[in-house]
Amino acid sequence: MDNRNDSLTHHQLSLKINYQESIQIIDITEDLAWADLPYPNILHVPASKLLELTDQIQQDIPVILVDKDEQRSRKLCMLLNEEYGFGNIYYLTEVPEGS
(Lines give C-alpha, C1' and ligand atoms only; values in the text may rest on other atoms or scores of the structure.)
Protein backbone atom coordinates (compact mmCIF):
# COMPACT_ATOMS: atom_id res chain seq x y z
CA MET A 1 0.00 0.00 0.00
CA ASP A 2 1.36 3.41 -0.90
CA ASN A 3 1.09 6.72 0.95
CA ARG A 4 -1.47 8.13 -1.47
CA ASN A 5 -4.04 10.42 0.14
CA ASP A 6 -7.41 9.47 -1.31
CA SER A 7 -9.46 11.98 0.68
CA LEU A 8 -10.73 15.42 -0.26
CA THR A 9 -12.32 17.97 2.07
CA HIS A 10 -15.47 19.91 1.29
CA HIS A 11 -13.30 23.02 0.90
CA GLN A 12 -10.96 21.30 -1.59
CA LEU A 13 -13.92 20.03 -3.60
CA SER A 14 -15.51 23.49 -3.61
CA LEU A 15 -12.27 24.95 -5.01
CA LYS A 16 -12.19 22.35 -7.78
CA ILE A 17 -15.78 23.24 -8.66
CA ASN A 18 -15.11 26.99 -8.53
CA TYR A 19 -12.05 26.61 -10.79
CA GLN A 20 -14.17 24.45 -13.11
CA GLU A 21 -11.79 21.52 -12.96
CA SER A 22 -12.96 18.40 -14.74
CA ILE A 23 -14.22 16.05 -12.04
CA GLN A 24 -16.99 13.52 -11.57
CA ILE A 25 -18.93 13.53 -8.30
CA ILE A 26 -20.78 10.35 -7.41
CA ASP A 27 -23.24 10.37 -4.52
CA ILE A 28 -23.22 6.81 -3.19
CA THR A 29 -25.84 7.26 -0.47
CA GLU A 30 -28.47 4.57 -0.29
CA ASP A 31 -31.15 7.04 0.84
CA LEU A 32 -32.22 9.41 -1.93
CA ALA A 33 -33.97 11.62 0.63
CA TRP A 34 -30.55 12.48 2.05
CA ALA A 35 -28.94 13.04 -1.32
CA ASP A 36 -29.46 16.80 -1.52
CA LEU A 37 -25.85 17.93 -1.78
CA PRO A 38 -24.62 21.41 -2.74
CA TYR A 39 -22.60 20.23 -5.75
CA PRO A 40 -23.47 20.47 -9.45
CA ASN A 41 -23.96 17.51 -11.80
CA ILE A 42 -23.91 14.74 -9.23
CA LEU A 43 -24.40 11.21 -10.43
CA HIS A 44 -26.33 9.13 -7.89
CA VAL A 45 -25.33 5.48 -7.72
CA PRO A 46 -26.11 3.76 -4.41
CA ALA A 47 -23.05 2.14 -2.82
CA SER A 48 -24.72 -1.26 -3.03
CA LYS A 49 -24.83 -0.93 -6.87
CA LEU A 50 -21.56 0.89 -7.56
CA LEU A 51 -19.42 -2.18 -8.24
CA GLU A 52 -22.04 -3.43 -10.71
CA LEU A 53 -21.99 -0.07 -12.53
CA THR A 54 -18.28 0.68 -12.81
CA ASP A 55 -18.85 1.51 -16.48
CA GLN A 56 -20.44 4.77 -15.28
CA ILE A 57 -17.23 5.83 -13.52
CA GLN A 58 -14.97 8.18 -15.49
CA GLN A 59 -11.40 6.93 -15.84
CA ASP A 60 -9.70 10.03 -17.24
CA ILE A 61 -10.62 12.59 -14.56
CA PRO A 62 -10.70 12.62 -10.74
CA VAL A 63 -13.83 10.96 -9.31
CA ILE A 64 -15.06 11.93 -5.84
CA LEU A 65 -17.33 9.59 -3.87
CA VAL A 66 -19.71 11.37 -1.51
CA ASP A 67 -21.65 9.69 1.29
CA LYS A 68 -22.83 10.65 4.75
CA ASP A 69 -21.06 7.45 5.86
CA GLU A 70 -17.41 8.40 5.33
CA GLN A 71 -16.24 4.88 6.20
CA ARG A 72 -18.28 3.41 3.35
CA SER A 73 -16.99 5.91 0.80
CA ARG A 74 -13.40 5.38 1.99
CA LYS A 75 -13.71 1.59 1.67
CA LEU A 76 -15.21 1.82 -1.81
CA CYS A 77 -12.54 4.32 -2.81
CA MET A 78 -9.78 1.94 -1.73
CA LEU A 79 -11.47 -1.04 -3.38
CA LEU A 80 -11.92 0.74 -6.71
CA ASN A 81 -8.35 2.04 -6.73
CA GLU A 82 -6.61 -1.10 -5.50
CA GLU A 83 -8.75 -3.99 -6.74
CA TYR A 84 -10.39 -2.50 -9.84
CA GLY A 85 -7.35 -0.51 -10.97
CA PHE A 86 -8.91 2.93 -11.22
CA GLY A 87 -6.33 5.07 -9.39
CA ASN A 88 -8.39 8.25 -9.82
CA ILE A 89 -11.01 7.75 -7.07
CA TYR A 90 -11.23 9.97 -3.98
CA TYR A 91 -13.71 10.20 -1.11
CA LEU A 92 -15.11 13.31 0.50
CA THR A 93 -14.47 14.03 4.17
CA GLU A 94 -16.38 16.72 6.03
CA VAL A 95 -19.64 16.16 4.16
CA PRO A 96 -21.69 19.37 4.61
CA GLU A 97 -24.22 19.30 7.46
CA GLY A 98 -27.88 19.44 6.56
CA SER A 99 -27.29 17.57 3.34
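To be clear, the structure that these remarks concern was listed above.
Just so it is clear, the structure is predicted and the values come from calculations on it, not from any experiment.

Could you clarify how one ought to interpret the nonpolar core in this entry?
Membership of the largest hydrophobic core comes to 14 residues, with the highest contact counts inside it found for Ile26, Ile28, Leu50, Ile57, Leu65, Leu80 and Ile89. Secondary structure elements with two or more residues in this core: helix H2 (47–50), strand S4 (63–66), helix H3 (70–82) and strand S5 (89–92). In terms of residues, this core owes the most to one element, H3, which gives 3 residues. The contact partners of Ile57, leaving out residues within four places of it in the chain, are Gln24, Ile26, Leu50, Val63, Leu80, Phe86 and Ile89.

For this particular structure, what's the right way to read the pairing of S4?
Within a regular strand, side chains alternate between the sheet's two faces. Because side chains alternate across S4, one face comprises the buried residues Val63 and Leu65, and the other comprises Ile64 and Val66, equally buried. The sheet contact formed by strand S2 (residues 24–27) and S4 spans 4 bridges and is parallel. Paired with Gln24 across the strands is Val63, a residue of S4. Pairing of S4 with S5 involves 3 bridges; the strand directions are parallel.

Could you clarify how one ought to interpret the sheet that holds S4 in this entry?
One open sheet accounts for 5 strands, arranged S1-S5-S4-S2-S3; its pairing is parallel. Two strands bound the open sheet, and with one partner strand each, they are strand S1 (7–8) and strand S3 (42–44). In terms of strand pairing, S2 meets S3 through 3 bridges, oriented parallel. Looking across to S3, one finds that Asp27 is bridged to His44. Docked against the sheet, H3 engages S4 and S5, running at close to 175° with respect to S5.

What counts, and at which threshold
Residues numbered from 1 in each chain as written. Predicted model: local features only at pLDDT ≥ 70, side-chain atom pairs only at ≥ 80, totals over all residues. Heavy atoms only, no water. Core = buried A, V, L, I, M, F, W, Y, C linked by side-chain atoms within 4.5 Å. Buried < 20%, exposed > 50% of the residue type's maximum accessible area, 1.4 Å probe, protein only. Helix = DSSP H or I, 4+ residues; strand = E, 2+ residues; numbered from the N terminus. Contact = heavy atoms within 4.5 Å. Pairing = 2+ DSSP bridges. Axes fitted to C-alpha atoms, helices over the stretch in contact; angles between N-to-C directions.

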